[in-house]
Structures are given as C-alpha cells and as structure tokens.
Amino acid sequence: MTAFTGKVVLVTGGARGIGAEVARRLHARGARLILVDVDPPPLRELAAELGGDERVLAVPADVRDLAALEAAVAKGIERFGGIDILVANAGIASYGSVLAVDPAAFRRVIEVNLVGCFHTVRAALPSVVERRGYVLIVSSLAAYVAMPGMAAYDAAKAGVEHFANALRLEVAHRGVDVGCAHMSWIDTPLVRESFADLPAMSRGLAALPGPFRKTTSVQQCAARFERGIARRARRINVPVWVGMLRWLRPLLQLRLVERSSGKTTKDWLPEMDDEVAELGRSLSARTQALGEG
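Predicted, not measured: the structure shown is a model, and the values here were computed from it.

Scoring rules and cut-offs
- Counting restarts for each chain: residues are numbered from 1 in the order of the written sequence.
- In keeping with the predicted nature of the model, local features appear solely for residues at pLDDT of at least 70, side-chain atom pairs appear and are counted solely at 80 or more, and the whole-chain, interface and lining totals rest on all residues.
- As a rule here, side-chain values cover all heavy atoms of the structure and leave hydrogens and water aside.
- A pair of strands is considered paired only if DSSP assigns at least 2 bridges between the two.
- What counts as a helix is a DSSP run of H or I of at least four residues, what counts as a strand is a run of E of at least two, and both are numbered from the N terminus.
- Axis geometry follows a simple rule: fit a line to the C-alpha atoms, using only the stretch in contact for helices, then measure angles between N-to-C directions, giving values from 0 to 180 degrees.
- Whether two residues touch is decided by their heavy atoms; if any such pair falls within 4.5 Å, the residues are in contact.
- Within this scheme, the nonpolar core is defined by two criteria: the residues are buried Ala, Val, Leu, Ile, Met, Phe, Trp, Tyr or Cys, and they are joined through side-chain atoms within 4.5 Å.
- Exposure classes here rest on a 1.4 Å probe applied to the protein chains alone. A residue is buried below 20% of its type maximum, exposed above 50%, and partly exposed in between.
- UniProt positions are given in the numbering used here, feature names are shortened, and annotations may be inferred rather than shown by experiment.
- The labels follow the angle: roughly parallel below 35 degrees, roughly antiparallel above 145, roughly perpendicular from 65 to 115, and oblique for the rest.
- Crossing handedness is defined as follows: a turn of the near helix away from the far one that is anticlockwise and smaller than a right angle gives a left-handed crossing, while the clockwise case is right-handed.

**Details of the sheet that holds strand β2 (residues 32-37)**
In space, the 7 strands of this open sheet follow the order β3-β2-β1-β4-β5-β6-β7, with parallel pairing throughout. The sheet terminates laterally at β3 (56-60) and β7 (235-238), the two strands that pair on one side only. Each strand axis lies, on average, 15° off the axis of its neighbour in the sheet, ignoring direction. Summarising the sheet, strand β1 (residues 8-12) and β2 pair through 5 bridges and their orientation is parallel. Each residue of the ladder has a partner; that of V9, found in β2, is L33. Seen against the sheet, helix α1 (residues 17-28) touches β1, β2, β3 and β6 (177-183) and runs at an angle of roughly 170° to β2. Its contacts with the sheet put helix α5 (residues 151-171) on β5 (134-138), β6 and β7, and the angle it makes with β6 is roughly 165°.

**Notes on the nonpolar core**
In terms of nonpolar packing, the biggest core is built from 38 residues, with I34, I83, L125, V135 and I137 touching the most fellow members. A total of 10 residues in this core trace back to one element, the largest contributor, which is helix α4 (residues 103-130). Setting aside residues up to four positions removed in sequence, L125 forms contacts with V135, L167 and V171. With 33 residues, the next largest nonpolar core counts A20, L35, V138 and A222 among its residues.

**So, the UniProt feature "domain: Ketoreductase" (unreviewed entry) in the protein chain**
Listed under "domain: Ketoreductase" (unreviewed entry) in the UniProt record, and renumbered for this structure, are residues 7-188. Secondary structure within residues 7-188 divides into 47% helix and 18% strand; the distance between the first and last C-alpha atoms comes to 26 Å.

**What to know about unusual backbone geometry**
Looking along the chain, the bond that leaves V238 and enters P239 is cis, with omega of -15°. Mapped onto the elements of the fold, P239 is located in the loop between β7 and α9 (242-252). Of note, R232 is a non-glycine position whose phi angle comes to about 55°, a positive value. Note that R232 resides in the loop between α8 (218-231) and β7.

**A word on the packing of helix α3 (residues 66-80) against α4**
Any two packed helices are characterised by how steeply their axes cross, that is the angle between the axes, and by the distance between the axes. The N-to-C vectors of α3 and α4 enclose an angle of 30°; their axes lie 8 Å apart at closest approach. One finds that α3 runs roughly parallel with respect to α4. The handedness of the crossing between α3 and α4 is right-handed. Listed contacts from α4 to L66, L69, E70, V73 and I77 of α3 are H119, T120, R122, A123, A124 and S127.

Listed below in structure tokens is the structure:
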C-alpha cells in the first residue's frame, strides 16, 4: 500500500513532459489515472505504455474548452467513481518580445495556461471537494522572476499562482488542500523545442548566474511532485532553491538589479526577435500544428 493506492488522479497536459512522468510514477504506486491532453497520439502511447488497463483512462481534450473538460471529468467519474487529486499541468509558451510576438500566440498562451487552469479546476472541483482531496496548480519560477521575451508565459504563470492562492482560501474549510508548483528550467519537450528554435534563448540562458542556467531532468522534477502531492504540500519548488526567490522577489525587482540584467537582455533579445521573424511563428512547430488541427 502507498499514499496513492486506489486514489484517482486527473492530470492535464498528461501526454508528455512533467505530466507524463508524474502519471508514470503515480500509476506505479497504485493510482488510477485520468489523463487529459490535446494531442491524441502520445496520449494513446502513454496509456498503452502503462498497460492500457482498468486503472488508466485517456481522454483527448483542449483545456481551452470548458465543455470538453467537463466531459472528460464526467467520463473519469463514471469510470472510477470520483477524483481525489487534480494536477492542472497543461501549458505552452510563446516566443518573442512584446513588440515582436504574434498577438494570437500571446492570447493562446494566456488561454491555455491561465484560462485552461480555471476550466480544469472548475470541471473537477466538485468531485475533489466531495472526496476532500488535493489540487496542484502548476506555475513556474516565472511567477517569481520575469524572463524577457516570455511576457505571456510570465503573466500566465503569475496569474495561476494567485489563482491557486485564492482557491486555497475558498476550499480550505471544505477539507481540500491546494498546492502550487514552481519550477526552473526542466528538460521537457517544451523547453527543448524552444532552445532548438531559438539559439538566442540558449545564449541568454548561458548568461544567467549560477543555478539559473541549469536544467533539471523530468524524472527529478516528477519525483519532487510525487513527494509534494503525497504530503498535500502548499508549495513544490524544483529545484528546492526556487523557493527562495519567492521571498527575494522584492529585491529582484530593484532598479539596480533590473539595470544589471538589462545589459545582457539588450544584446540577446533582438537576436531572439530576429529568429522569431525568420521562423515566421511565435510558437513551437508542434504547438502551432495542434492549434490548427
């Protein structure tokens, strides 16, 4: 028996990256899974990898569509009886400065990362409340420290952090705990696609100090998620030093620090914008294609 034996876990963005690795770990510990993703082929592949057994339900759905999320939740409840744990993990990123990013791409990041988080919670929360369960909202280090060229992602992840804070106050008296996850660079397909598309982003990362430039494996990240979910943690930081930035946020926003970081930004950000213009898109090729399908 483990903390997850028999528990029903819904994971959005569950086909790849952090969502998929969390699914693997919790399934191995006895959880029953409702996996939701906008991309059906890798979703089916993961379900098959996990045995395609009675403990896995894969439901293709776009988190921007509340009705689709409600239908996915209904299927999960019909199959498993309810939802104990919700991991609102679906997310994308856009490329380019505020002056260069495609406005449609900016809007889409907000819709997936922030509005999609609301849709996910809105659809699943009644069942989680019924079972006095746990909700994990996946934010980012970007909620603490803004990254130039990623304004949409920064804004959305700051938004979901505050969404988690408000939700926690709303449901605490109902026996539901709410956590928020904040990660630095994780070696996910999303990050690898960004670096492949934008060499300037890799150069910008290399210019960052100390731990800011390091990338953490998906396996390490998922292991921390697993421990945090088991503890119904208020915050999960990956790596652990990310948690310090929550308290250092006022210092990081001092004009002196901003001037110092601006010295490198003025060099690599125009290069990124040139690369975005050459690509002809402000999203990864995969994300762009999924939106057109």
